[in-house]
Amino acid sequence: MQSGNQPPTPAAGYLIRQGAISGVFAGISFVAFGMLMALLLDGDFLKPLRMMATITLGENALAQWNSLLAVTLHGLFLLILFAGIFGALFGHMVSRQRFIALSRRRLILAGSLYGTLLWLTIFYIVAPVLGWIWFPLDNNPLFEGFVGHTFFFGAVLGLVFARRLHPGVAASPGLQKK
């Protein structure tokens, strides 16, 4: 039930679609940050895409003898796919907790928390259970883990979602368009 002075929130299907679209944008931000960090920390610009490819190709995707183009394109496909799925799940969460959708700040904060939970869940629960031991071991937990997932995926997911849901509204009253 909506309060008298709050605008109605959109239907669940709309929020899930917006989440999927926002997730793809967040995935691009995430991989761009990851590629920069991989270049600076490891000298391997394509490492994040090769790491994504290991999800379906196994640890051999990291081997130098593999086709770099094929593995990189495979990783990019998986990145966009999973980013869209995780974004859609975020949209579903927002549709179930509609108070989050009423504020851009809440969406950005919720996205950041969601990104952190994704990192912890994927790297420290899912990866070990599925035998992907290289995930937590081959990534810098601070930059490629926490910062990448929290700010370059989660916060960007919340920001893009908020911009799509509340076009023309600034995150801060001091930034309002006149």
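Residues numbered from 1 in each chain as written. Predicted model: local features only at pLDDT ≥ 70, side-chain atom pairs only at ≥ 80, totals over all residues. Heavy atoms only, no water.

**A few points about the layout of surface pockets**
Then, in step 1: Size it by volume and the largest pocket reaches roughly 480 Å³.
Then, in step 2: Lining the largest pocket are 25 residues; nearest its centre among them are Phe30, Met52, Phe123, Phe135 and His149.
Then, in step 3: Listing elements by their share of the lining of the largest pocket, those giving two or more residues are helix H1 (12–42), helix H2 (47–57), helix H3 (68–96), helix H4 (104–130) and helix H6 (141–165).
Then, in step 4: Classifying every residue of the lining of the largest pocket gives 20 nonpolar, 4 polar and 1 charged. (1 Å grid on protein atoms, 1.4 Å probe; cavity = no way out; pocket = protein on both sides within 12 Å on 5 of 7 lines; lining within 4 Å. Points joined across faces, edges and corners; volume = space filled by probe spheres on them. Helix = DSSP H or I, 4+ residues; strand = E, 2+ residues; numbered from the N terminus. Nonpolar A, V, L, I, M, F, W, Y, C, P; charged D, E, K, R; others polar.)

**Focus on the pattern of salt bridges**
A side chain with one charge can pair with a side chain of the opposite charge if their charged atoms come near.
Then, in step 1: For the structure on display, the rule yields 3 salt bridges.
Then, in step 2: Between Lys47 and Asp42 there is a salt bridge, with its nearest N and O atoms 2.8 Å apart.
Then, in step 3: In this structure Asp42 comes out as partly exposed when scored by relative accessible area, which is 44%.
Then, in step 4: The residue Arg50 makes a salt bridge to Asp44 at a minimum N-O spacing of 2.4 Å.
Then, in step 5: Here Asp44 falls in the partly exposed class, since its relative accessible area comes to 22%.
Then, in step 6: Salt bridges here are not isolated pairs; linked through shared partners, they connect Asp42, Lys47 and Glu144. (Salt bridge = Lys/Arg side-chain N within 4 Å of Asp/Glu carboxyl O. Buried < 20%, exposed > 50% of the residue type's maximum accessible area, 1.4 Å probe, protein only.)

**Overview of the packing of aromatic side chains**
Then, in step 1: This model, assessed by the stated rule, comprises 11 aromatic pairs.
Then, in step 2: Note on Phe82 and Phe86: the rings are 6.1 Å apart at their centroids and 25 degrees apart in plane angle, and the pair reads as stacked. Of this pair, Phe82 and Phe86 both sit in helix H3, 4 residues apart, which is roughly one turn of the helix.
Then, in step 3: The exposure class of Phe82 is partly exposed, given its relative accessible area of 26%.
Then, in step 4: A relative accessible area of 21% means that Phe86 is categorised as partly exposed.
Then, in step 5: Ring geometry for Phe146 versus Phe151: centroids 5.8 Å apart, planes at 90 degrees, classification edge-to-face.
Then, in step 6: Among the residues examined, Phe146 registers a relative accessible area of 32% and is labelled partly exposed.
Then, in step 7: Take Phe151: its relative accessible area is 41%, and that puts it in the partly exposed class.
Then, in step 8: A connected cluster of aromatic rings, assembled from ring pairs, spans Trp119, Phe123, Tyr124, Trp132, Phe135, Phe146 and Phe151. (Phe/Tyr/Trp six-rings, centres within 6.5 Å; stacked < 30°, edge-to-face > 60°.)

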